[in-house]
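Chain by chain, the residues run as shown.
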Amino acid sequence: MTKLFGIIAEFRTPGAVRSAAAHLRERGFRAFEAYTPYPVKGLDQIVDPGPKLVLPIVMFTAAMLGAAWGYWIQFWGEAVNYPINVGGRPYNSWPAFMVSTFEFMLLATIFAGLLGMLVLSRLPKLYHPLFDAKVFERASRDRFVICIEASDPAFEPAAARGVFEQLGAIRIEEVPA
Amino acid sequence: MVAPEVTLTSLSEKVSSCVLTDRAPLWWWIGFGCSFMLFLVLPIQMAVLFIDGIGVWGVRIPVAWGLALAEYVWWIALASGGTIVSALFYLTRSPWRSATNRIAESMLLSAVPCAGLMPIMHLGRPGLFYWLFPYSNVMGVWPQARSPLWWDFICLLCYILMSLMYYYAGLIPDLATVRDLAQTRFKKIFYGVLALGWRGSVSQWRNQRVVYATMSAIMAPMVVSVHSVVGLDFAGGLTPGWHVTQFPPYFFFGAVISGTALIIMLTILVRWGYGLQDVLTEYHLNALAKVMLVGCLLLGYAYVWEAFGPIYGSDVAEKTESYHRMFGFTAPAFWSEKILTVVIPQLLWFPPVRRNVLLLVLISGGIILGMWQERYVFTISSLAHNSIPSYWGSYFPTVWDWAALAGTIGLFLTLFFLFLRFVPIISMSEVREIIEEEKSG
């Protein structure tokens, strides 16, 4: 028998996938994941509950660092490395530096956000075992898919298939690893 | 908002097929061909300009800022409109934004290069423009960080980079849809690589939405700052007519109205061209038209204060310049501009006008033209009537000034037509949510 990545099942409506996920959690499954064409409301709290603060913290830290970086460039250029007297204004004329400090802060935040989003989502990952599954093809379009992964301690192919059948899945498929 | 017969299946297939089809429709080829021919004017114009110097333009002292700088402001305003619709109305949770934001952002990314080219062409020594970057160099010099012109460079640079990242963060799920629908090997690989292996899992969606919402909250003040700093380029000088504290918001109001006008025209093009009347409905045009009307009112308010300042103030130079602007050489452009951007758009108060495609195109086109005139008038007229009459001058655009305008319009349209062909032009993942919400009532 080939090694399995998991068992995948297709549902027709967002409501069905939500109740299926809730049911799986009640039955004691832990390593399962839902794939949907758009973020289904309430599904994330069922599949992976708990507050998620990493991204906001990463972006906030990047904002602070970006602002410091932006101010430092200007301070270094205008007050330390290449001071020019412009009409007697102070070399470290901070009000004039605020605009660029602001822009550097925002640039760093957005960059950290995009990067953090990709890293936390384990992207880019151009190949994934799920891409071989027929059932998975429509998950980016109009179907709602749940996969119980083989890494789950409660995983047992026949039982998982039985659970999905009971939940009213349209199609069920085994995904080889 | 979306026609009831649109389903998740039909939406994905229809929008993706616009990108995946092997044969682009005839209107696309005609549009792209004409745009590309217009674009070819740009390299010719640049060659002449770089070989002969900016004397080939009509600019000379005292009117050293000619059409190129006026058009820089014009292009950056058009681009800013894209971010306003996309980011600001994401924050207000306006549902009509979902179907139009990709058009708005594609427009923004097509317009920003045109804006960026203008000041570089105007530099005189364009090859040295990289001196504006704040990097440690062997010359031991740094750019002047107290100057609004440098702020403007930083703003534009950050704006381009941030817009690209914002665009891509919203685009990844749609690229995955196109990847899964692609039939040929090349397209599968092309969109597969661009989609980075997006699977739409719960955690991926959560990360994407958290970041996208935060990015919107950042892009909204960002775009206000970009166009305000463009206003400071002018307000920072002592030139009569420019040295006005209302310039930053005044410029921003111009961005709201002209950007929205261009989005309306492009939305109508996409809607008609790809037959997306059931996704881009009258509801969307109606909402965009209302935004445009608000922009007109804001701009009209700024015009009142623009006239009030010189009348109420005691500065003779301001009064003289204002008189020349309204009744001198620029008078026709000045008055027709007020009619095009403030008077005629008042028609948008009437709901039938907001639903009439032809009238919307005419009004929007008039606004874009009018905003070009506005930028032209305040750039030229102030420099031509400086504080000392012996220093007055005049400015006539030459054929190469007009070539720069034609070429950048060609560049803009060429880029936009390429977006139309290669990128899903409707944000499918967001419209799916709207469809489900409407279905569940």
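Think of each chain on its own: its residues are numbered from 1, step by step along the sequence as written. Numbering of ligands from 1 and lettering of chains from A proceed in the order in which they are written. Predicted model: local features are reported for residues with pLDDT of at least 70 only, side-chain atom pairs are reported and counted for 80 or more only, and whole-chain, interface and lining totals are derived from all residues. Side-chain metrics rest on all non-hydrogen atoms present in the structure, leaving aside hydrogens and water.

On to the environment of B:Ala406, then. Helix numbering and strand numbering both begin at the N terminus, where a helix is a DSSP run of H or I of at least 4 residues and a strand a DSSP run of E of at least 2. Along the chain, B:Ala406 falls in helix 15 (residues 399-422). We classify B:Ala406 as partly exposed; its relative accessible area is 23%. Burial here depends on accessible area, computed with a 1.4 Å probe over protein chains only, as a share of the maximum for the residue type. Under 20% is buried, over 50% is exposed, and the range in between is partly exposed.

Once that is clear, we can look at the nonpolar core. Side-chain atoms within 4.5 Å are what join buried Ala, Val, Leu, Ile, Met, Phe, Trp, Tyr and Cys residues into a set we call a nonpolar core. Membership of the largest hydrophobic core comes to 195 residues, with the highest contact counts inside it found for A:Ile146, A:Phe164 and B:Tyr159. Looking at this core element by element, the count peaks at 19 residues for helix 6 (residues 148-181) of chain B. The criterion used for residue contact is that any of the two residues' heavy atoms lie within 4.5 Å. A:Phe164 has contacts with A:Ile7, A:Ile8, A:Ala9, A:Phe11, A:Leu24, A:Ile146, A:Ile148, A:Ala169 and A:Ile172, leaving out every residue within four places of it along the chain. Residues A:Phe5, A:Ile8, A:Cys147 and A:Val175 belong to the second largest nonpolar core, which totals 11 residues.

Moving on, we get to the sheet that holds strand 3 (residues 144-149) of chain A. Residue and element names in this part refer to chain A. Read across the sheet, 4 strands follow the order 2-3-1-4 without closing on themselves; strand pairing throughout is antiparallel. For this open sheet the edge positions go to strand 2 (32-35) and strand 4 (171-176), each flanked by a neighbour on one side alone. Between one strand and the next, the sheet's axes are offset by a mean angle of 20°, whatever the strand orientation. A pair of strands is labelled paired if DSSP reports no fewer than 2 bridges between them. Looking at chain direction, strand 1 (residues 4-11) and strand 4 are connected through 6 bridges and run antiparallel. The residue of strand 4 that forms the bridge with Ile8 is Glu173. Between N-to-C directions, angles span 0 to 180 degrees; the directions come from axes that are lines fitted to C-alpha atoms, helices contributing only their stretch in contact. Taken strand by strand, helix 5 (residues 157-167) contacts strand 1, strand 3 and strand 4, and its axis lies near 10° from that of strand 1.

Attention now moves to the packing of helix 4 (residues 67-91) of chain B against helix 9 (residues 247-273) of chain B. In helix packing, the relevant descriptors are the interaxial angle and the interaxial distance, both defined with respect to the helix axes. Residues and elements named next belong to chain B. Helix 9 packs onto helix 4 with a crossing angle of 75° between their chain directions and a minimal axis gap of 7 Å. By the angle class used here, helix 4 and helix 9 are roughly perpendicular. Touching Val73, Ala77, Leu78, Ser80, Gly81, Gly82, Ile84 and Val85 of helix 4 are Phe251, Phe252, Ala255, Val256, Ser258, Gly259, Leu262 and Ile263, all from helix 9. When residue character is reported, Ala, Val, Leu, Ile, Met, Phe, Trp, Tyr, Cys and Pro are called nonpolar, Asp, Glu, Lys and Arg charged, and the others, Gly included, polar. Split by residue class, the contact of helix 4 with helix 9 holds 11 nonpolar, 5 polar and no charged. With respect to orientation, any angle under 35 degrees is reported as roughly parallel, any angle over 145 as roughly antiparallel, any angle of 65 to 115 as roughly perpendicular, and every other angle as oblique.

All names here are of chain A. Buried within helix 5 we find Ala160, Val163 and Phe164. Projected down its long axis, helix 5 shows its buried positions confined to an angular sector of 95°, all on one face. In helix 5, the exposed positions that point more than 90 degrees away from the buried face belong to Ala158, Glu165 and Gln166. Along its buried surface, helix 5 packs onto strand 1, helix 1 (14-26), strand 3 and strand 4. Within this analysis, the arc is defined by the directions that extend from the helix axis to the C-beta atoms.

Moving on, we come to a nonpolar patch on the surface. Residues and elements named next belong to chain B. Without a salt bridge and with relative accessible area above 30%, a residue can belong to a patch; like charges are then joined within 9 Å and nonpolar side chains (Val, Leu, Ile, Met, Phe, Trp, Tyr) within 5 Å. All accessible-area figures derive from a Shrake-Rupley calculation using a 1.4 Å probe, and residue coverage is judged against the displayed protein chains alone. Definition used for salt bridges: Asp or Glu carboxyl oxygen within 4 Å of a side-chain nitrogen of Lys or Arg. Together, Leu297, Ile339, Val343, Ile344, Leu347, Trp349 and Phe350 line one region of the surface with nonpolar side chains, adding up to about 650 Å² of accessible area. Mapped onto the elements of the fold, Ile339 is located in helix 12 (residues 331-343). Residue classification places Ile339 among the partly exposed positions, given a relative accessible area of 43%.

Our next topic: the pattern of salt bridges. Enumeration over the complete set of coordinates arrives at 19 salt bridges over all chains. Residues A:Arg143 and A:Glu10 are paired through a salt bridge, measuring 3.0 Å at the closest nitrogen-oxygen approach. Within this pair, whereas A:Arg143 is found in the loop between helix 4 (94-120) and strand 3, its partner A:Glu10 is found in strand 1, the two being separated by 133 residues in sequence. A relative accessible area of 2% means that A:Glu10 is categorised as buried. One continuous salt-bridge network, built from bridges that share partners, spans A:Asp44, A:Asp48, A:Lys52 and B:Arg206.

The residue after A:Leu123, namely A:Pro124, is reached through a cis peptide bond having omega -5°. With an omega dihedral of 5°, the bond running from B:Ile61 to B:Pro62 counts as a cis peptide bond. As for its placement among the helices and strands, B:Pro62 is situated in the loop between helix 3 (41-52) and helix 4. Despite not being glycine, A:Arg122 shows a phi value in the positive range, around 55°. By the secondary structure assignment, A:Arg122 is in the loop between helix 4 and strand 3. A positive phi angle is found at B:Arg93, which is not glycine, with a value near 55°. Along the chain, B:Arg93 falls in the loop between helix 4 and helix 5 (97-122).

Let's shift gears to the interface of chain B and chain A. Of the residues lining the interface, 58 residues belong to chain B; the matching set on chain A comes to 62 residues. When two parts are put together, the accessible area they lose, computed with a 1.4 Å probe and summed over both, is reported as buried area. Both faces considered, chain B and chain A share a buried interface measuring about 5,200 Å² in area, 69% of it formed by carbon and sulfur atoms. Linking chain B with chain A are 4 salt bridges, by the criterion used here. A salt bridge links B:Glu437 to A:Lys41; the shortest N-O distance between them is 3.5 Å. For this analysis, a polar contact is any N or O atom pair within 3.5 Å, provided that within protein one partner can donate a hydrogen and the other can accept it, and provided that sequence-adjacent residues contribute only side-chain to side-chain pairs. Counting every contact that joins chain B to chain A gives 22 residue pairs in polar contact (both at pLDDT 80 or more). Of all the secondary structure elements, the ones that give two or more residues to the side of chain B that touches chain A are helix 1 (8-20), helix 6, helix 7 (185-195), helix 8 (202-235) and helix 16 (428-439) of chain B. Looking at the side of chain B that touches chain A residue by residue, the class counts come to 31 nonpolar, 16 polar and 11 charged.

The values reported here are purely geometric and, on their own, carry no functional implication.
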